[in-house]
Amino acid sequence: GGSKSGPELHCQLQSEARLGTLDGSQQPFAGLGWSHFVPRRPLAPAAMGSDFKTCAVVMSAGAILNSSLGEEIDSHDAVLRFNAAPTKGYERDVGNKTTIRLINSQIMALRKHHFNSSYLYRNVTLVAWDPAPYSLNLSEWYENPDFDLFTSYVRWRQDRPDQPFYILHPAYLWRLWDVIQSNTQENIQPNPPSSGFIGTVLMMALCRQVHVYEYVPSARQTDLCHYYEEIHDEACTLGAYHPLLYEKQLVQRMNAGTCDDLRVKGRVTLQGFGSDDC
Ligand code: NCC
């Protein structure tokens, strides 16, 4: 049903969707020696050398243009950005600090993204995901990912062993999907949540407080898909492949910020996990 309160939802997410990354303990990754290959420290603030009190999640939506939110975004302890979303040239509206970049497997597999040479993927913690089948057969997934992220991952880890770079465990994505479906009346599409939802919940696991920008649209809502390219498509904001509308409804239900922050800044405020009494 769709009637859980914000705090109830928050607790459900915390208990049912534990953050997990590939750690090399399961096949086929165990047999490939991945336990020595993935970062030694788990994906947590300590791996990035600090404690995150406040975090910002910056959606790539066109509506963030002309927001002048850059300075506010950069004032957070950690900032998460998505895929190929740039900061150069857009500092006034989106800031320039990037702590974590969450990327889907297309970024690592498609030439047009220049994963190996672009500045976007350097000097940050990288977190990648790929939509494995719901059945969660990791060997099948390894043989046949949606986009081949494994080849790039192995090469990158060899070339840059000191850069924290994680692949999300597919079970994490599907537990998030389960929480969305269990709080939605309709049957949602059987595709993983968007990077936006994954990144938001990921930051709830790492931070005491999370500000999410232009996910639930502000008064600047527009059909401009991304702030960094001239593509107009309402589906970017409302959803097609991803259950975007339903994700956004859940996040809005957990919002602890004011209506004004939402309307003017497109800003949702979420408490991190562990700071509440579930
Ligand atoms: O567009 P994308 O997402 O990179 O955006 C990141 C997250 O921001 C939120 N968003 C974006 C635009 C918008 N108008 N409103 C929003 O709320 C969404 O939550 C979104 O997840 C993805 O989720 O990984 C996605 O990636 C792109 C694309 O693969 C990458 O940008 C790389 O080019 C997908 N587009 C296509 O495959 C054509 C998109 O569907 C989802």
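One can find the structure itself at the top, above this paragraph.
Residues numbered from 1 in each chain as written. Predicted model: local features only at pLDDT ≥ 70, side-chain atom pairs only at ≥ 80, totals over all residues. Heavy atoms only, no water.

A. Quick peek at unusual backbone geometry. The peptide bond linking Gln27 to Pro28 adopts the cis configuration, its omega dihedral lying at 0°. With respect to the secondary-structure elements, Pro28 resides in the loop between helix H1 (6-16) and strand E1 (52-58). Despite not being glycine, Asn123 shows a phi value in the positive range, around 55°. As for its placement among the helices and strands, Asn123 is situated in the loop between helix H4 (105-109) and strand E4 (125-129). Exposure remark for Asn123: the relative accessible area of 77% places this residue in the exposed category. (Helix = DSSP H or I, 4+ residues; strand = E, 2+ residues; numbered from the N terminus. Buried < 20%, exposed > 50% of the residue type's maximum accessible area, 1.4 Å probe, protein only.)

B. A look at the pattern of salt bridges. Scanning the model with the defined rule gives nine salt bridges in all. Across the salt bridge formed by Glu72 and Arg267, the nearest N and O atoms sit 2.9 Å from each other. Taken together, the positions of Glu72 in helix H2 (residues 70-74) and Arg267 in strand E9 (residues 267-271) put the pair 195 residues apart, joining distant regions of the chain. Classification of Arg267 as buried rests on a relative accessible area of 13%. Glu214 is the salt-bridge partner of Arg220, the closest N and O atoms lying 2.9 Å from each other. Connected via shared salt-bridge partners are Glu72, Asp261, Lys265 and Arg267. (Salt bridge = Lys/Arg side-chain N within 4 Å of Asp/Glu carboxyl O.)

C. Seen up close, the site of the ligand. Lining the immediate surroundings of the ligand are 20 residues, of which Asn83, Asn104, Ser195, His226 and Lys248 lie closest. In this structure, an oxygen atom belonging to the ligand sits 3.4 Å away from a side-chain N or O atom of His113. The backbone of Gly196 places a nitrogen or oxygen atom 2.9 Å from an oxygen atom of the ligand. Relative to its unbound accessible surface of 740 Å², the ligand loses 78% to contact with the protein. Placement of the ligand is best described as lying within the largest pocket. The set of elements that each furnish at least two residues to the shell around the ligand consists of H4, helix H8 (195-206), strand E7 (224-226), helix H9 (235-238) and helix H10 (244-254). Considered class by class, the residues forming the shell around the ligand number eight nonpolar, 11 polar and one charged. (Near = heavy atom within 4 Å. Polar contact = N/O pair within 3.5 Å; in protein donor to acceptor, adjacent residues only side chain to side chain. Areas by Shrake-Rupley, 256 points an atom, 1.4 Å probe, with all protein chains shown as cover. 1 Å grid on protein atoms, 1.4 Å probe; cavity = no way out; pocket = protein on both sides within 12 Å on 5 of 7 lines; lining within 4 Å. Sits in = over half its atoms within 2 Å of the grid points. Nonpolar A, V, L, I, M, F, W, Y, C, P; charged D, E, K, R; others polar.)

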